[in-house]
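This is what each chain is made of:
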Amino acid sequence: MDDSTATGGTTTPQTAVAAGEGFTSSTAGPGAASDPGPPSDAPDGGLRAAVPTQAAGDRVARSGVDAAGTPPALRQALERIVAPERVLTRPAELVMFASDASVYRMLPQAVVLADGVDEVRGLMAHARRSGVPMTFRAAGTSLSGQAQSDGVLVEVARYWRGVAVEDEGRSVRVLPGTIAGRVNLALARHGRKLGPDPASISACTMGGVIANNSSGMCCGTEQNAYRTLRSLTFVLPSGTVVDTAAPGAAEALERAEPDLVAGLRELRERVHADPELVERIRRKYARKNTTGYALNAFLDFEEPLDVLTHLLVGSEGTLAFVAEAVLDTVPVLPHKTTGLLVFPSLHAAGAAIVPLRDAGATAVELLDRPSLRAVEHLAGVPSYLPGLPDGAAALLVDLATADPDALPGLEAGAQHLVASLELVVPGEFTRDTAVQTQYWAVRSGLFTSVGAARPSGTSVLLEDVTFPVERLADAVVDLAGLFEQYGYDEAVVFGHAKDGNLHFLLTPSLNEPSEVERYARFMDDLATLVVDRYDGALKGEHGTGRNIAPFVEQEWGTAAHAVMRRLKALCDPDGILNPGTILTDDPRAHLKHLKTVPTIETEADRCIECGYCEPVCPSRELTTTPRQRIVLRREMVRQHVEGEAPSPVLAALQRDYPYLAVETCAGDGMCERACPVDINTGVMMKAFRAAEHTAREEAVAAEVADRYALVERAARTAVRAGRLTARAVGDRLVVGMTDLLRRALDADLVPRWDAHMPPAAPPLPVTTAAGATAVYLPSCTNRIFGPDEGTSLPAAMVALAARAGQVLHVPDDVAGHCCATPWNSKGYTDGAALMARRTAEALVRWSDGGRLPVVMDASSCTLGLRGLGPSLPADLRARYEAVTVLDSLDYLSQVLLPELTVDRKVASVAVHAVCSVHHLGTASVLEQLAGAVAERVVNPVSAGCCGFAGDRGWLHPELPAAALRPEMAELAGEQHDAYVSSNRTCEIGLSRESGHDYRSVVHLLEEATRPAGYQA
Ligand SMILES: Cc1cc2nc3c(=O)[nH]c(=O)nc-3n(C[C@H](O)[C@H](O)[C@H](O)COP(=O)(O)OP(=O)(O)OC[C@H]3O[C@@H](n4cnc5c(N)ncnc54)[C@H](O)[C@@H]3O)c2cc1C
Ligand code: SF4
Ligand code: SF4
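Rules used in this analysis
- For every chain, the first residue of the written sequence is number 1, and numbering continues from 1 along that sequence.
- For this description, chains carry letters from A and ligands carry numbers from 1, given in the order in which they are written.
- In view of the model being predicted, local features appear only for residues whose pLDDT reaches at least 70, and side-chain atom pairs are presented and counted only at 80 or more, with totals across whole chains, interfaces and linings using the full set of residues.
- Note that the side-chain values use all heavy atoms of the structure and ignore hydrogens as well as water.
- Segments assigned H or I by DSSP are reported as helices when at least four residues long, segments assigned E as strands when at least two residues long, and all are numbered from the N terminus.
- C-alpha atoms define the radius of gyration in this analysis, and the globule rule sets the expected value at 2.2 Å times the number of residues to the power 0.38.
- When accessible area is computed with a 1.4 Å probe and restricted to protein chains, residues below 20% of their type maximum are described as buried, those above 50% as exposed, and intermediate ones as partly exposed.
- It only takes one pair of heavy atoms within 4.5 Å for two residues to be counted as in contact.
- Using a 1.4 Å probe, accessible areas were evaluated by the Shrake-Rupley method; residue-level cover was limited to the displayed protein chains.
- Residues scored as charged are limited to Lys and Arg (positive) and Asp and Glu (negative), so that His and the chain ends carry no count.
- Taken as the charge centre is NZ of Lys, CZ of Arg, CG of Asp or CD of Glu, depending on the residue.
- It suffices for a single heavy atom of a residue to lie within 4 Å of a molecule or strand for the residue to be listed as near it.
- What counts as a salt bridge is simple: a side-chain nitrogen of Lys or Arg found within 4 Å of a carboxyl oxygen of Asp or Glu.
- Between any two strands, at least two bridges found by DSSP are needed for them to pair.
- Lines fitted to C-alpha atoms define the axes here, with helix axes fitted over just the stretch in contact, and angles between the N-to-C directions of these axes take values from 0 to 180 degrees.
- Working rule for angles: under 35 degrees goes down as roughly parallel, over 145 as roughly antiparallel, 65 to 115 as roughly perpendicular, anything else as oblique.
- For this classification, Asp, Glu, Lys and Arg are treated as charged, while Ala, Val, Leu, Ile, Met, Phe, Trp, Tyr, Cys and Pro are nonpolar and the rest, including Gly, are polar.
- Every residue gets a pLDDT, meaning the predictor's confidence in that residue, from 0 to 100.
- Side-chain atoms alone can form a polar contact between residues adjacent in sequence; in general such a contact is a pair of N or O atoms within 3.5 Å, and within protein one must be able to donate a hydrogen while the other accepts it.
- Nonpolar cores were defined as sets of buried Ala, Val, Leu, Ile, Met, Phe, Trp, Tyr and Cys residues, with membership established by side-chain atoms within 4.5 Å.
- Working note: the arc is built from the helix axis to C-beta atom directions.
- Between 30 and 60 degrees the pair is tilted, below 30 it is stacked and above 60 it is edge-to-face, where a pair is any two Phe, Tyr or Trp rings, Trp via its six-membered ring, whose centres lie within 6.5 Å.
- A ring is scored as having a charge over it whenever the NZ atom of a lysine or the CZ atom of an arginine sits within 6 Å of its centre and within 35 degrees of its normal.

Peer 1: Explain the overall build of the protein to me, please; I cannot follow it from the model alone.
Peer 2: What the protein contains, in helices and strands, is 40 helices and 27 strands. Scaling as 2.2 N^0.38, a compact globule of 1016 residues should have a C-alpha radius of gyration of about 31 Å, and the protein matches this with 30 Å. With respect to the principal axes defined by its C-alpha atoms, the protein has extents near 90 × 70 × 60 Å. The proportion of buried residues among the 1016 residues of the protein is 60%. In the protein, the proportion of contacts linking residues at least 24 apart, taken out of those at least 6 apart, comes to 77%. Summing over all exposed atoms, the protein offers an accessible surface of approximately 36900 Å²; the carbon and sulfur share of this is 53%. In the protein, 93 side chains carry a positive charge and 126 a negative one; their mean positions are 4 Å apart.

And the structure:
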């Protein structure tokens, strides 16, 4: 970290770093670097990051080892173990991985993307030899600082994915990099799911879940990884690999690791010989607890192998590497009744927890008054929240069952109980999913509200403590007192009340030394409260990490702590795995490596670096994820301290940022859908693109918009000429020619020719306005590109409509009209505004002031058209509001399909729901349509944004190639009769990467309903 002595920093928004400063478009593909060009004039409009006036304590050192990236000797040593392209050494690559979801930040000396057990063993051997420690990192969603390292960070997610459902869903075999939510998708058709249910399930991995012993609102202490583990394959720091399910595994372990096995026996005897310790372990594990190592393994198991296997659960990568696991699954409980019970006081709520649990509640979530206040402004929550009295508290209760017949009984029991409770609002259980959604919006909106409302420069601390359930109400009152004492006025308390597991959110500014000291004193008092007053646990779910390591002895006592230390020494005698996590000698370790949060562009400033957005980002395995784009930006700001000379680190980051972040962002906004605080990182990237444009480029873009009808015609001609040339001289030569142009001009402007470039579009079908039931605006992609063979999409659409008794009218003057997305995505504001106005005017006219709906045949254009309003002048906006834009999926399902007869179904069809379909909320409609024409519909669980993003897939073909790799691998085993989607450019990318002909679902429906002997 930094070589400067300052430990804090303040920011002044008045002095600003231009957002695009030094960003220059690189001219080549992955890893390409270009000189940082001169600063450009970035526009205002919130797109400015504040310049710190003081150096932040955690910024990367401006000179020396950190500034230069990985030391050469270390890099060479690692490259002897792992292929060089999987050893990340540049400053930007190290910064990208320096943060996890915690309030800590450590810069690794190198990041290695490990692939396979042999590489892990090699890396362990290197760590033993060199003394440079290593830490495993999966999804990096940990909250206690356990997924970080200032040694070698070993990424074990990317090449460690795989799920095999076994025993008809009763168990599941997983590789550790598999996202836990994807495992549940694979199990869903068996009516089963994983026991562990962390709220982060859509982002975190199985390795992380096992290593943290993660849990959630339902799993309690009975369905966590510790309890549901069947077998494990692990690698010890010595290099010994153990598959616990293999015959003779226990004997093999004893042969390979006699000292370890003897030490485990000795420790087990020590524990059993200490009745006080035995009682303490039993008592602590009757509740949720992830402080320290899972000492209950010494009581629950006898064989050293079993003891060790279960000690590894929750060991946070400090004892061994988890290479594979088999877990028992639990039934999905699809039938549920839900109640939101509002009590006059915390004590009244606390008193109801045990009776509700005994009545069969599967989830009981407590929300204190500040929590309810934090969400009362949100849409979709019950309207009575603002009027609740001070001191009120709520319990959100689910009773769920697999048996629909059991539900009425459960519900009646709960309702009977509720009748005896003192409530502020009449309490009622309901099976109505709309009301259930409203109730749960209270809980799910909490993080968003607190995270989004916090002042710039503050962190979000999500703490996780456990109290005896029967004393929960007292504990919450005491916690509130502690917040008041320390001035944490924003604190909210909520959590899994049935397990006594509470979370609280604080938003301190850890940029300031005084704030760090406040936090230090608060943590000391918190430990006293939780441990000494309630004998609770300082961590119930999130793992000990660096955060609680200094308090483990206080919580567990000397004897237990000594057992833990001995265990670590037995498994990892050289201390190579994740030092400082779980155990530490430093009583102030939790106050070191704290992350500062410099103010950056408003679009992303509230980012809490949680990592939820990473799995959905199409560039995640090519360049950066949304979180990494933000993390890099924050470091750039840390580097740019007022009055200081530019640093080499800043220059290195500016050199890499254009390609790593800006150019390879598809701009699809899928990150926003996953983000708990609603950040669309694509908006920031587009703004950076806009900031890079010169006045001349902006003018050219506006000119293109102005003369778009001509451009369309020219594009058709160019496509035709390109294909002719390619036919004459070969695709490779044309590719070479475009590559030359891309290097000479700009890889972000000149598309790369490829052999999958479709042919030019045929003329649009001739229609008439007379008797029209809808206007049809074929997207400009479908006006430029035609089908490889057969009927064009506009012709198929018009024919299908006619078959259903509808009359579609394609206006004669559609050329030159577009949804403006191409300009918006590149950040050309003038061109976008011009096109928006023109198209909106035309749609108002064509639709007869909104009398006729407008059908669009590409989902991303539907989204674009629906979003034109804000860029229109007020009078036009008002007229445009009357226009209804129907996506082809809606038009097909709502208007055409009910009037059609499907004569022939194909056996199977693979669908790909594009990002815009997710934004439009119609992904299920695509599946329904496919289901209408196919016996079997396959929707790959690894499907996400294809990365083609209009023309970005031509500008950067490596982006869709990387984005689609998992989906294509999933589909590779089977051949389907058809491959469908609803967006032409995405279909081009999908076809290119898969080798299958992806087409609009319109074609499939048209073919399935086409009368024999007819042509479309
Ligand atoms: C907003 C938010 C909400 C959360 N909610 C919950 C919740 O409800 N419940 C809960 O329990 N947690 C929760 N978490 C914490 C976190 O998401 C989980 O603990 C998760 O299981 C971590 O998984 P990961 O893949 O991100 O692992 P990482 O954070 O990458 O790593 C976790 C630990 O596991 C180790 N590790 C990773 N892979 C391996 C491996 N193969 N072998 C050995 N060690 C390995 C790492 O070294 C590290 O110590 C939440 C986090 C966030 C940001
Ligand atoms: S952008 Fe959102 S989802 Fe991504 S890390 Fe930041 S807060 Fe989390
Ligand atoms: S817009 Fe898409 S590509 Fe860009 S950061 Fe978000 S998810 Fe990634």
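Peer 1: Would you mind going over the site of ligand 3 with me for this structure?
Peer 2: Lining the immediate surroundings of ligand 3 are Cys 617, Pro 618, Pro 626, Arg 629, Cys 665, Ala 666, Gly 667, Asp 668, Gly 669, Cys 671, Thr 681 and Gly 682. Of all elements in the fold, only α21 (626-639) and α24 (681-692) reach the threshold of two or more residues within the shell around ligand 3.

Peer 1: Before we go on, may I ask you to explain the pattern of salt bridges in this structure?
Peer 2: Note that side chains of opposite charge can pair when their charged atoms are close. With the rule as written, the count across this model stands at 55 salt bridges. One salt bridge connects Asp 58 with Arg 638, and the closest N-O pair in it is separated by 3.3 Å. Taken together, the residues span a long stretch of sequence, with Asp 58 in the loop between β2 (48-52) and α1 (65-68) and Arg 638 in helix α21 at a distance of 580 residues. We classify Asp 58 as buried; its relative accessible area is 3%. When the shortest N-O distance is used, the salt bridge between Arg 59 and Glu 644 registers 3.1 Å. On the criterion of sequence distance, the pair formed by Arg 59 in the loop between β2 and α1 and Glu 644 in the loop between α21 and α22 (648-663) is long-range, its members being 585 residues apart. For Arg 59, a relative accessible area of 1% translates into the label buried. Since its relative accessible area comes to 32%, Glu 644 is described here as partly exposed. Bridged by salt links that share partners, the residues Asp 167, Glu 168, Arg 170, Arg 230 and Asp 328 form one connected network.

Peer 1: Looking at this structure, how should I read the sheet that holds strand β5 (residues 134-137)?
Peer 2: Across a sheet, strands are paired by hydrogen bonds formed along the backbone, either parallel or antiparallel in direction. Sheet architecture is open: four strands sit in the order β3-β4-β6-β5, paired in mixed fashion. Either end of the sheet is taken by a strand with one partner, and the two such strands are β3 (87-88) and β5. Taken together, the two bridges between β3 and strand β4 (residues 110-113) define a ladder with antiparallel strand orientation. By the bridge assignment, Leu 88 is partnered in β4 with Val 111.

Peer 1: Whenever I open this one, the packing of helix α34 (residues 888-896) against helix α40 (residues 1001-1009) confuses me. Can you help?
Peer 2: Between two packed helices, the angle of one axis relative to the other and the distance separating the axes together describe the packing. At a minimum axis distance of 10 Å, the contact between α34 and α40 shows a crossing angle of 30°. When the axes of α34 and α40 are compared, the pair comes out roughly parallel. Judged by residue contacts, Ser 888, Leu 889 and Leu 892 of α34 engage Val 1001, Val 1002 and Leu 1005 from α40. When its residues are assigned to classes, the contact of α34 with α40 shows five nonpolar, one polar and no charged.

Peer 1: For this particular structure, what's the right way to read the confidence of the model for the protein?
Peer 2: On average, the protein scores 90 in pLDDT, and the residues at 70 or more come to 91%. Contacts for the low-pLDDT stretch residues 1-47, under 50 throughout, to residues beyond four places or in other chains number 143 contacts.

Peer 1: In this structure, what is going on with the site of ligand 1? I would like to understand it.
Peer 2: Taken together, 36 residues surround ligand 1, and among them Phe 136, Thr 141, Ser 142, Ser 200 and Ser 215 come closest. At 2.8 Å from an oxygen atom of ligand 1 is found a main-chain nitrogen or oxygen belonging to Gly 140. The side chain of Thr 141 places a nitrogen or oxygen atom 2.5 Å from an oxygen atom of ligand 1. For ligand 1, whose accessible area on its own is 980 Å², the fraction buried by protein is 98%. Those elements that place two or more of their residues in the shell around ligand 1 are β5, α6 (206-212) and β12 (321-331). A total of five residues in the shell around ligand 1 trace back to one element, the largest contributor, which is α6. Considered class by class, the residues forming the shell around ligand 1 number 19 nonpolar, 14 polar and three charged.

Peer 1: Please explain the nonpolar core as it appears in this structure.
Peer 2: One broad rule of soluble globular proteins: the nonpolar side chains tend to lie buried together. Judged by nonpolar contacts, the single largest core of 87 residues is most densely connected at Leu 808, Trp 823, Leu 865, Tyr 880 and Leu 892. Ignoring any residue separated from it by four or fewer positions in sequence, one finds Leu 865 in contact with Leu 777, Cys 819, Thr 839, Leu 843, Met 856, Tyr 880 and Val 885.

Peer 1: Is there a simple way to think about helix α36 (residues 923-933) in this case?
Peer 2: Structural remark: α-helix, 3.6 residues per turn; residues separated by three or four positions point the same way. Every buried residue belonging to α36 is among Val 925, Leu 926, Leu 929, Ala 930, Ala 932 and Val 933, and all of these are buried. For α36, the angular spread of the buried residues around the axis is 155°, confining them to a single face. In the core, the buried residues of α36 are packed alongside α34, β24 (906-911), β25 (934-938), β26 (978-981) and α40.

Peer 1: Quick question: what am I supposed to make of the sheet that holds strand β23 (residues 885-887) here?
Peer 2: Across the sheet, which stays open at both edges, the four strands sit in the order β21-β20-β22-β23 with parallel pairing between neighbours. Two strands in the sheet have a free side with no partner beyond their single neighbour: β21 (808-809) and β23. Bridge analysis of strand β22 (residues 854-856) against β23 gives three bridges, and the strand direction is parallel. Bridge pairing in β23 places Met 856 opposite Asp 887. Helix-sheet contacts for α34 involve β20 (774-777), β21, β22 and β23, and the interaxial angle to β23 is about 85°.

Peer 1: It is not clear to me how the packing of helix α9 (residues 258-272) against helix α12 (residues 304-312) should be interpreted in this structure. Could you clarify?
Peer 2: Orientation of α9 relative to α12, taken along the N-to-C sense of each, is 85°, at an axis distance of 9 Å. Classed by the angle they form, the pair α9 and α12 counts as roughly perpendicular. On the side of α9, the interface is formed by Leu 260, Val 261, Leu 264, Arg 265 and Arg 268, while α12 contributes Pro 304, Val 307, Leu 308 and Leu 311. Of the residues assigned to the contact of α9 with α12, the class counts are seven nonpolar, no polar and two charged.

Peer 1: Looking at this structure, how should I read unusual backbone geometry?
Peer 2: It is generally the case that most residues other than glycine have a negative phi and that most peptide bonds are trans. Non-glycine residue Glu 168 carries a positive phi angle of around 50°. Within the element layout of this structure, Glu 168 appears in the loop between β7 (163-166) and β8 (171-174). Located in the positive-phi region is Asp 678, a residue other than glycine, with phi close to 60°. Inspection of the secondary structure puts Asp 678 in the loop between α23 (670-674) and α24.

Peer 1: I would appreciate a short explanation of the packing of aromatic side chains in the present structure.
Peer 2: Pairs of aromatic rings are described using the distance from one ring centre to the other and the angle between the two planes. All chains considered together, the criterion is met by 15 aromatic pairs. Taking 5.1 Å as the distance between ring centres and 80° as the angle between the ring planes, the aromatic pair formed by Phe 948 and Trp 954 counts as edge-to-face. Each member of the pair, Phe 948 together with Trp 954, is buried. Three or more aromatic residues joined by ring pairs make a cluster, and in this case those are Phe 483, Tyr 486, Tyr 488, Phe 504 and Phe 522. The residue whose ring lies beneath Arg 86 is Tyr 159, and the NZ or CZ to ring-centre distance is 5.4 Å. The side chain of Lys 284 reaches across the aromatic face of Trp 556, ending 5.2 Å from its centre.

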